[in-house]
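Coordinate analysis (summary)
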Amino acid sequence: MNNHIVIPSRMVQALREHFFKNELEQGAFLFAQVSQEGVDLTLLAADYYLVPARGWAVQMEVYLEMRDSERGKIMKLAREKNLCAIDCHSHPHAGDDVWFSPSDVVGISDFAEYAKWKLDRKPFAAMVWGEESVDAVLWHGDFTSAERVRAVTVAGNPNQTIIPTGSWFCGPRGKNRFKYYE
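Because the structure is a prediction, the values reported are computed rather than measured. (Residues numbered from 1 in each chain as written. Predicted model: local features only at pLDDT ≥ 70, side-chain atom pairs only at ≥ 80, totals over all residues. Heavy atoms only, no water.)

1. What to know about the side chain of Glu70
Mapped onto the fold, Glu70 is located in helix α2 (residues 68-81). Buried Glu70, no salt bridge; nearest opposite-charge side chain is Lys73, N-O distance 4.6 Å. A distance of 2.4 Å separates the side chain of Glu70 from the side chain of Tyr49, its partner in a polar contact. Apart from residues no more than four positions distant in its own chain, Glu70 is found in contact with Tyr49, Val51, Pro52 and Gly55. (Helix = DSSP H or I, 4+ residues; strand = E, 2+ residues; numbered from the N terminus. Buried < 20%, exposed > 50% of the residue type's maximum accessible area, 1.4 Å probe, protein only. Lys, Arg positive; Asp, Glu negative; His and termini not counted. Salt bridge = Lys/Arg side-chain N within 4 Å of Asp/Glu carboxyl O. Polar contact = N/O pair within 3.5 Å; in protein donor to acceptor, adjacent residues only side chain to side chain. Contact = heavy atoms within 4.5 Å.)

Written out as structure tokens, the structure reads:
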């Protein structure tokens with residue numbers, strides 16, 4: 001399957017401003033329409049929600065834990081919009097080599113099961129953002145395991161394609177794996 005996420009440039013700008021406003025990890029959710037053609041699955045971001053400081057039970061430089069009430073609020077927003085959810089968070093100072101931490105993998109995998117139940121099996125994706133890199137994974141169908149997102153397109157003039165780092169499947173590797181294509 002060729003999984004792809006498309007985000008309008010204005011949303012990317014709002015996300016980056018939120019994610020890197022200070023030294024703490026930050027979180028947000030994108031709400032996306034699903035388009036499938038053959039083996040190509042694309043999530044088209046249509047709206048977003050920036051998680052405020054009060055939405056976290058724990059918020060540190062290297063760890064986030066969302067309040068249950070915030071989790072419910074986000075799933076309600078997605079259901080009301082009839083859109084799937086993309087869980088996004090930042091790793092400040094990751095630069096060009098962001099990767100999902102072991103606690104990210106456990107927490108996001110659990111959240112994927114929750115999203116599957118709350119959003120009637122709509123696809124669910126997760127992204128981690130560094131200042132100059134992203135990684136992304138996606139669940140759909142039977143939600144057995146996460147799948148690689150092959151590309152993230154920032155839709156603007158011109159479009160920009162970001163290749164996710166792929167850390168979910170192979171862990172962190174060396175620097176300079178981030179690739180932009182015009």
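After that view of the structure, there is still more to cover.
2. Things to note about the pairing of strand β9 (residues 147-155)
Pairing of strand β1 (residues 2-8) with β9 involves six bridges; the strand directions are parallel. Looking across to β9, one finds that Asn3 is bridged to Val149. Relative to β9, strand β8 (residues 133-139) runs antiparallel, the two being bridged by two bridges. Its bridge partner lying in β9, Leu138 is registered against Glu147. Counting the residues between successive antiparallel strands, the hairpin from β9 to strand β10 (residues 160-163) contains four residues. (Pairing = 2+ DSSP bridges.)

3. A short note on the pattern of salt bridges
Opposite charge on two side chains makes pairing possible when the charged atoms of those side chains draw close. A complete count under the given rule lists four salt bridges for this structure. Salt-bridge contacts for Asp47 lead to Lys81; the nearest nitrogen and oxygen are separated by 2.6 Å. Of this pair, Asp47 sits in strand β3 (residues 40-50) while Lys81 sits in helix α2, and the two are 34 residues apart along the sequence. A salt bridge links Arg71 to Asp68; its shortest N-O distance comes to 2.4 Å. One end of the pair, Arg71, and the other, Asp68, are both in helix α2, three residues apart, so they sit about a helical turn from each other. Judged by its relative accessible area of 60%, Asp68 falls in the exposed class.

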